[in-house]
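Structural overview
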Amino acid sequence: MFEPTNHFNIVADDERADAAEKVTGRAKFTADHHIDNIAYGLFVCSTIAKGTITNLDSSNALQAPGVLDVIYYKNCPNIPGYNALTPDNKKNNFEWKGLKVLNDNIVRFYGQPIALVVADSFENALAAVKLVKAEYATEAFDTNFNEARLVESKTKLAGKYKRGNPKAYLNAPFFIEAEYNTPIEVHNPMEMHSSIAIWDGDDKLTLHDKSQGPKGTQSTIARTFGIPEKNVRVITEFVGGAFGNALRSWLHVPAACIAAKKLKRPVKVLLTRPQMFSLVGYRPQSWQKIGIGADKTGKLLGISHEAISNTSRYEDYREGITDASRFLYKCENVDTEYKLLPLDLSTPTWMRGPGETTGCFALESALDELSYQLKMDPIDLRIVNYTETHQENKLPWSANNVKDCYAAGKEKIGWKNRPKKPGSLKEKGWLVGYGMGGGIFGANKGSATVKAILKADGSLVLQSAVSDMGPGTTTAMGIIAAESLQMPTSRIKFMLGDSDLPPGPTQGGSGTTSTLGSAVKLICDTLKQVIKELGIQHFPAFKNLQITDLEVKNELLIDAKNQDSQISIVALLKLAGKPSIEITKESNGNNFQEIKYAFCSFSVHFVKILVHPKTGEMKLQKVITTGDAGKIISENTARSQMLGGVVGGIGMAFKEGLEINHATGEIANANFGEYLVPRHTDIPETDVWFVNKPDPFINSIGAKGIGEIAMIGFAAAVANAVYNATGKRVRDLPITPEKLGFSKT
């Protein structure tokens, strides 16, 4: 039976637990696993954007070397979860969300999988894909967001909010009104998606999958194939980046299961790099219009925020683009409206800082624009409108130290040097500008279960069915356990990435440390109690002591008042006749009906930029990124999270944008040669600073999320710095010299 290798020793107080495996190449990602008798599956994808398949000829492919099958809508087995829910179909009570791959002859977007070629090798499958020929009846399609959004009947309302008077900004003595645009952005992690399906009979399945939530994948696949959840085992040893695109099971996951069951042998389905651009979600394109008004002191009198983002025609995807505008700053009159625009494209999905990253680009840029009208420092404008309460739900913040972020960032970036008049400061012939932008994202604590095994040698094993897509979950959990038990991190192992382990949270929404960390703290506190009870029962020197008289530290049980009276944990277990202690505990999520505080993490990003006055070339010279995320469990991995957000933010600000050929519906730049991402040389000197004050109310460890706020607001900071340097405002991302008025050279 397969046994995961990701049992990580936490080798030093703040050293990444999985570092050695990753840098030496010992880490096995999903596609790295070799299973005996495995077959390889690759998708054949549509070459039209909309229509129906009238004929699919797989005869040549089936005769090609090594080809085992070509699965498509005519020979695809019946999948219980594909069947529509009806009064007669109550057995499964589940219907697959989104497109049902290999199930029908309808084409919904260019590049949609229409067949799966399965062969005895990857090379044979790749060669055979080119031999499958499809004929289509085409239909008119629409992929042009910029044109379609202008037609009111093509959009549909996804959310509306109002407090006070709508459009109140128009009556303010100072106001701005502007439109902002962001393109489609693609996740593109290093590891491409893949799944390996291994059936044991008709109702037992082992699935290796790139997943941010093994338990969620287990549930989805079990219900899709109509088998008991306990009969599905999902293994996710390592995740090579995800940023949100592994939060759900995409088309390749059921395809692997379908093929493996049909062929009665293990099947590995892999996506190619071009397919990563269309088959695992993306940040949707958006148009936003913001109006903000203030009095002469900077007090906000009205905020209006409209937004439209695209979704697919077959599935709605919505996100909180307008949310931050409703509650981040003090304002009595706020109205927002959010609409979806269905297009003939694949479905978008969550991407780092979903909604808020897009929305705060507009909100934080608009505030900067307003500050110039007011002749007011943009930080002072934000401080004037700082609020002690969440403006939408009226609850006080559990903790909000964003003013500390303003102060630290100002000092570190050299904000005193920022020119009040845009375009007036130069260094060595380059225009110089300073900008800042804030971010916010909801903090939460969900439910998680952890099992602790204290072994006879005194080492500790912790288990939970989570995955780690890179933020350092194993490292942080080891630190929490070590602090609670006062034992070396090198004596702690953390097992994860397997749905057979106790239920853990899906890694997304910046909630893993809060949720899982609380469970680790609970299990360690419980373990200490058990150790103390054993000491009182079995160690004569402690016979007349109370639980409160004892403490656990340095792998010893000690009389707190008489430190010389002690016994090692190893000796105590031997004395008690216990080869190990095993405990499982569940930490419950926050009860939202009883919550008395608003939980959020905050960030403020500062940048210094240089712009060449003749060419428009832009260079980020320095970045200060600050975060208020409660207690920082691991300085090392938390810093890496913020650095990752900066890199992503640089891509959003300067580089990224999916291009679609609207004549065909095909993605025109589905490759790293034309879809631009930041290079090492694009990343400037970057300093990360945390408030590092525990949140006293969110959970037992005082920690909140970091992953999302690391990016939210950064693109606005860059755009604001560019304006400060040049006097030219760019509201359409990415920012290029051409958008500043410079011609291409």
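Residues numbered from 1 in each chain as written. Predicted model: local features only at pLDDT ≥ 70, side-chain atom pairs only at ≥ 80, totals over all residues. Heavy atoms only, no water.

So, on to the overall build of the protein chain. Counting secondary structure elements, the protein chain contains 16 helices and 30 strands. For a compact globule of 745 residues, the expected C-alpha radius of gyration is about 27 Å, and the protein chain comes in at 28 Å, within 12% of that figure. The principal-axis extents of the C-alpha atoms in the protein chain amount to approximately 80 × 75 × 55 Å. A separation threshold of at least 6 residues defines the contact pool for the protein chain, and within that pool the share at least 24 residues apart is 80%. Surface summary for the protein chain: the accessible area is close to 29,400 Å², and the carbon and sulfur share equals 49%. Side-chain charges of the protein chain comprise 85 positive and 80 negative groups, with the mean position of each set lying 3 Å from the other. (Helix = DSSP H or I, 4+ residues; strand = E, 2+ residues; numbered from the N terminus. Rg over C-alpha atoms; globule rule 2.2 N^0.38 Å. Contact = heavy atoms within 4.5 Å. Areas by Shrake-Rupley, 256 points an atom, 1.4 Å probe, with all protein chains shown as cover. Lys, Arg positive; Asp, Glu negative; His and termini not counted. Charge placed at Lys NZ, Arg CZ, Asp CG, Glu CD.)

Omega for the peptide link from Leu733 to Pro734 comes to -5°, which places this bond in the cis form. Position of Pro734 relative to the elements: it lies in the segment after helix H16 (714-726). Its identity as a non-glycine residue notwithstanding, Lys264 has a phi of 55°, on the positive side. By the element assignment, Lys264 lies in the loop between helix H6 (252-263) and strand E13 (267-270).

Each aromatic ring pair is characterised by the separation of its centres together with the angle its planes make. Under the defined criterion, the tally for this structure stands at 13 aromatic pairs. Residues Phe109 and Tyr314 carry aromatic rings whose centres are separated by 6.2 Å and whose planes lie at 25° to one another, so their mutual orientation is stacked. Of the two residues, Phe109 is situated in the loop between strand E5 (106-107) and strand E6 (113-119) and Tyr314 in the loop between strand E15 (300-312) and helix H8 (323-327); the sequence distance between them amounts to 205 residues. The exposure class assigned to Phe109 is buried, which follows from its relative accessible area of 3%. Positioned above the aromatic ring of Tyr723 is the side chain of Arg729, whose terminal nitrogen or guanidinium carbon lies 4.3 Å from the ring centre. (Phe/Tyr/Trp six-rings, centres within 6.5 Å; stacked < 30°, edge-to-face > 60°. Buried < 20%, exposed > 50% of the residue type's maximum accessible area, 1.4 Å probe, protein only. Lys NZ or Arg CZ within 6 Å of the ring centre and 35° of its normal.)

Among the nonpolar cores identified, the biggest contains 84 residues, and Ile292, Leu300, Ile609, Leu620, Phe654, Val718 and Ile735 are the most heavily contacted of them. Among the elements that take part in this core, H16 stands out by supplying 9 residues, more than any other. Setting aside anything within four residues of it in sequence, one finds Ile292 in contact with Tyr169, Phe174, Phe175, Ile176, Leu300, Gly302, Ile303, Leu363, Ala366, Leu367 and Leu370. Of all hydrophobic cores here, the second largest spans 43 residues; its members include Ala448, Met477, Leu527 and Ile536. (Core = buried A, V, L, I, M, F, W, Y, C linked by side-chain atoms within 4.5 Å.)

With 19 residues, helix H9 (residues 356-374) extends 26 Å from end C-alpha to end C-alpha; this agrees with the ideal 27 Å at 1.5 Å per step. Counting buried residues in H9 gives 18 out of 19 residues, a clear majority hidden from the surface. (Expected span 1.5 Å × (residues − 1).)

Turning our attention to helix H3 (residues 122-129). Within H3, the full set of buried residues consists of Ala125, Ala128 and Val129. Seen end-on, H3 carries its buried residues on one side only, within an arc spanning 105°. For H3, the secondary structure elements touched by its buried residues are strand E2 (39-45), helix H2 (59-62), strand E4 (67-71) and E6. (Arc of directions from axis to C-beta.)

One can find Pro173 in the loop between strand E8 (156-163) and strand E9 (174-182). In this structure, the C-alpha to C-alpha distance between Pro173 and Gln566, residues 393 residues apart in sequence, is 73 Å. For Pro173, the contacting residues outside a window of four places in its chain are Ala294, Asp295 and Leu301.

Our focus in this paragraph is the environment of Val432. Position of Val432 relative to the elements: it lies in strand E18 (residues 430-442). Each C-alpha atom, one on Val432 and one on Asp500, is 56 Å from the other, the two residues being 68 residues apart in sequence.

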